[in-house]
Amino acid sequence: MSKLLSVLIAATFATVSFSSIAGSHGGAMKDDEKIEACKKMDPAKADDKMKAECKKLMEPKK
């Protein structure tokens, strides 16, 4: 019985470890995806942070 419990604990630990590593390395949105999201954004519902980020992305690069 204790071997079964040990195996279940080890399997649970491995699953949780893998999912946390995969979640932390998921990556952020790319600029192209952000620009598309900005075009679809409803200005009335967006927060100030999103508006500022979209404004920064839409400005021409120097």
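Residues numbered from 1 in each chain as written. Predicted model: local features only at pLDDT ≥ 70, side-chain atom pairs only at ≥ 80, totals over all residues. Heavy atoms only, no water.

Draft legend 1. Structural view of the overall build of the protein. Within the protein one finds 3 helices and 0 strands. In the protein, the succession of α and β elements from N to C terminus is α-α-α. Surface exposure of the protein reaches about 5,800 Å², of which carbon and sulfur atoms provide 64%. (Helix = DSSP H or I, 4+ residues; strand = E, 2+ residues; numbered from the N terminus. Areas by Shrake-Rupley, 256 points an atom, 1.4 Å probe, with all protein chains shown as cover.)

Draft legend 2. View of the state of the cysteines. Applying the stated criterion to the full structure yields 1 disulfide. A sulfur-sulfur distance of 2.0 Å marks the disulfide that ties C38 to C54. Linking C38 and C54, the disulfide has an S-S dihedral of approximately -85 degrees and is accordingly described as left-handed. Here C38, found in helix α2 (residues 31–40), pairs with C54, found in helix α3 (residues 48–58); they are 16 residues apart in sequence, far enough to count as distant. By relative accessible area, which is 9% here, C38 ends up buried. (Disulfide = S-S within 2.5 Å. Buried < 20%, exposed > 50% of the residue type's maximum accessible area, 1.4 Å probe, protein only.)

Draft legend 3. Structural detail: a negative patch on the surface. Taken together, the side chains of D31, D32, E33 and E36 present a region of like negative charge at the surface. By the secondary structure assignment, D32 is in helix α2. Judged by its relative accessible area of 59%, D32 falls in the exposed class. (Patch = residues over 30% accessible without salt bridge, like charges linked within 9 Å, V, L, I, M, F, W, Y side chains within 5 Å. Salt bridge = Lys/Arg side-chain N within 4 Å of Asp/Glu carboxyl O. Lys, Arg positive; Asp, Glu negative; His and termini not counted. Charge placed at Lys NZ, Arg CZ, Asp CG, Glu CD.)

Draft legend 4. Molecular detail of the confidence of the model for the protein. The share of residues in the protein with pLDDT of 70 or more is 82%, and the mean pLDDT across the chain is 79. The weakest mean pLDDT in the protein belongs to α2 at 79; the strongest belongs to helix α1 (residues 2–24) at 83. (pLDDT = per-residue confidence, 0-100.)

Draft legend 5. Region of interest: the environment of L57. Tracing the chain through its elements places L57 in helix α3. Sequence-wise, L57 and D31 are 26 residues apart; in three dimensions their C-alpha atoms are separated by 7.7 Å. Dropping the residues within four chain positions of it, L57 is found in contact with D31, K34, I35 and C38. (Contact = heavy atoms within 4.5 Å.)

Draft legend 6. Layout of the packing of α2 against α3. Interaxial distance between α2 and α3 falls to 10 Å at its minimum, and their mutual angle equals 115 degrees. With respect to the hand of their crossing, α2 and α3 are arranged in left-handed fashion. Contacts between α2 and α3 involve D31, K34, I35, A37, C38 and K39 from the former and M50, E53, C54, L57 and M58 from the latter. Grouping the amino acids of the contact of α2 with α3 by side-chain chemistry returns 7 nonpolar, no polar and 4 charged. (Axes fitted to C-alpha atoms, helices over the stretch in contact; angles between N-to-C directions. Left-handed = near helix turned anticlockwise from the far one by under 90°. Nonpolar A, V, L, I, M, F, W, Y, C, P; charged D, E, K, R; others polar.)

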